[in-house]
Amino acid sequence: MGKNPKAYTSPEDVQTAGAYHKAGDVFVTDAEPNDNWTEVKPKDAHAIQASTEKVSPDVPLENQPIEALRALALTKNVDGSGMSKKDLIAAIKAANEPAL
């Protein structure tokens with residue numbers, strides 16, 4: 001650990017840091033990438049992630065795993081790298097606020 005997390009997709013299911021990701025889903029990790037992982041930029045991750053649901057709408061953000069929060073942050077164009085879970089939640093909530 002210690003590297004900056006990056007977003008990836010994989011043609012097969014992946015488990016990182018105790019989080020399970022289905023094939024094709026965007027996942028965020030600072031683990032060394034597997035040969036078949038494809039790095040995606042935040043703007044591309046947004047488009048990919050929009051078609052999948054990582055964060056259950058029935059579960060409060062505070063109860064979501066940090067990997068799911070990092071993925072959600074990418075869909076909101078928020079760079080969650082290096083953020084604590086509390087900071088990620090605050091950034092996601094701020095991104096959800098309508099612009100004045």
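Preceding block: the structure.
Residues numbered from 1 in each chain as written. Predicted model: local features only at pLDDT ≥ 70, side-chain atom pairs only at ≥ 80, totals over all residues. Heavy atoms only, no water.

Examining helix α2 (residues 66-75)
Counting buried residues in α2 gives nine out of 10 residues, a clear majority hidden from the surface. Residues of α2 that are buried include every one of Glu67, Ala68, Leu69, Arg70, Ala71, Leu72, Ala73, Leu74 and Thr75, and no others. Asn77, located one to two residues past α2, shows a positive phi value of around 60°. (Buried < 20%, exposed > 50% of the residue type's maximum accessible area, 1.4 Å probe, protein only. Helix = DSSP H or I, 4+ residues; strand = E, 2+ residues; numbered from the N terminus.)

Details of the side chain of Thr29
Here Thr29 shows up in strand β4 (residues 27-29). In terms of polar contacts, Thr29 uses its side chain to reach the backbone amide nitrogen of Ala31, at 3.0 Å. Sequence-distant contacts of Thr29, defined by excluding residues within four places in its chain, comprise Pro5, Lys6, Tyr8, Thr16, Trp37 and Glu67. (Polar contact = N/O pair within 3.5 Å; in protein donor to acceptor, adjacent residues only side chain to side chain. Contact = heavy atoms within 4.5 Å.)

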